[in-house]
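Structure assessment
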Amino acid sequence: MTAFDDVLSANLEYASQFGGSGLTGRAGRGLAVVTCMDSRIDPLGLLGLKPGDAKILRNAGARVTDDVLRTLVLAVYLLGVERVLIMPHTDCGMAKVTDSQVHDLTFGKGVDTRSLDFQTVPDQGAALRHDLTRVRTSPFLPQGMPVGGAIYDVLTGRLVRVDL
Ligand code: ZN
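All figures in this text were calculated on a predicted structure; none of them were measured in a lab.

Some details on the environment of Ala126
Its place among the elements puts Ala126 in helix H5 (residues 124-136). Since its relative accessible area comes to 30%, Ala126 is described here as partly exposed.

This is the structure:
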């Protein structure tokens, strides 16, 4: 008995009907999506995609961190990505707290996280514009590559264009 029995047994079922062995690691539709780790988001489903179509990069708040940029560079030059969609969402936990509130919360549990930059999002629109600019102006990515921003509404399932 492990903490993962449920997912291990589900995987046996999944593998018994697996049909994805013909896919490669390239993004079949040339798309990368940067989105949040929020468990309500089904990036493939909400964008009409299937496995093999796109690179999905997820973190808290859908932020363009150094590691997201590193991954995008690899995705573009090695894995067929030709366009990037940055997709934060409504009701995001990262937009409801500040870094200092998170530090206080963890400190209350005996952990000092002040050396971590959580990149919380006090202004979601400003954060998205900042992150779009960061990708668009990266010297490591092709100039003129389509880079768009939209916010996913977790209540309606709709994608709201911000900068597409
Ligand atoms: Zn979120």
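Notes on the pattern of salt bridges
Under the definition given, this model contains ten salt bridges. Arg40 is paired through a salt bridge with Asp38; the nearest N and O atoms lie 2.8 Å apart. The closest approach of N and O atoms between Lys96 and Asp91, which form a salt bridge, is 2.6 Å. According to the relative accessible area criterion, Lys96 is exposed, its value standing at 54%. The class for Asp91 is partly exposed, based on a relative accessible area of 41%. By sharing partners, the salt bridges in this structure join Asp38, Arg40, Asp91 and Lys96 into a single network.

Observations concerning the coordination of the zinc ion
Each protein donor to the zinc ion is listed here as Cys36 (SG), His89 (NE2) and Cys92 (SG); together their distances run 2.0 to 2.3 Å. In the primary structure, the donors to the zinc ion are separated according to the pattern C-x52-H-x2-C. Separated by 53 residues along the polypeptide, Cys36 in strand S1 (residues 31-36) and His89 in the loop between strand S3 (83-87) and helix H4 (99-108) bring together distant segments of the chain. The pair formed by Cys36 and His89 is uniform in burial state, with each residue classed as buried.

Overview of the side chain of Thr106
As for its position among the elements, Thr106 is in helix H4. When neighbours within four sequence positions are excluded, Thr106 is seen to be in contact with Val111 and Thr113.

Structural notes on the packing of aromatic side chains
Applying the stated rule across the entire model yields one aromatic pair. Seen in terms of ring centroids, Tyr14 and Phe18 are 5.7 Å apart; in terms of plane orientation they differ by 50°. Their pairing is tilted. Taking the relative accessible area as the measure of exposure, Phe18 reaches 47% and is therefore partly exposed.

As for H5
In a regular helix each residue adds 1.5 Å, so 13 residues correspond to 18 Å; H5 covers 18 Å between its end C-alpha atoms and thus fits that length. For H5, the side-chain oxygen to backbone nitrogen distance between the N-cap and Gly125 is 3.2 Å, and the N-cap itself is Asp123.

About the thresholds
Residues numbered from 1 in each chain as written. Predicted model: local features only at pLDDT ≥ 70, side-chain atom pairs only at ≥ 80, totals over all residues. Heavy atoms only, no water. Helix = DSSP H or I, 4+ residues; strand = E, 2+ residues; numbered from the N terminus. Buried < 20%, exposed > 50% of the residue type's maximum accessible area, 1.4 Å probe, protein only. Salt bridge = Lys/Arg side-chain N within 4 Å of Asp/Glu carboxyl O. Donors = N, O, S within 2.8 Å, 3.2 Å for Na, K, Ca; no water. Contact = heavy atoms within 4.5 Å. Phe/Tyr/Trp six-rings, centres within 6.5 Å; stacked < 30°, edge-to-face > 60°. Expected span 1.5 Å × (residues − 1). Polar contact = N/O pair within 3.5 Å; in protein donor to acceptor, adjacent residues only side chain to side chain.

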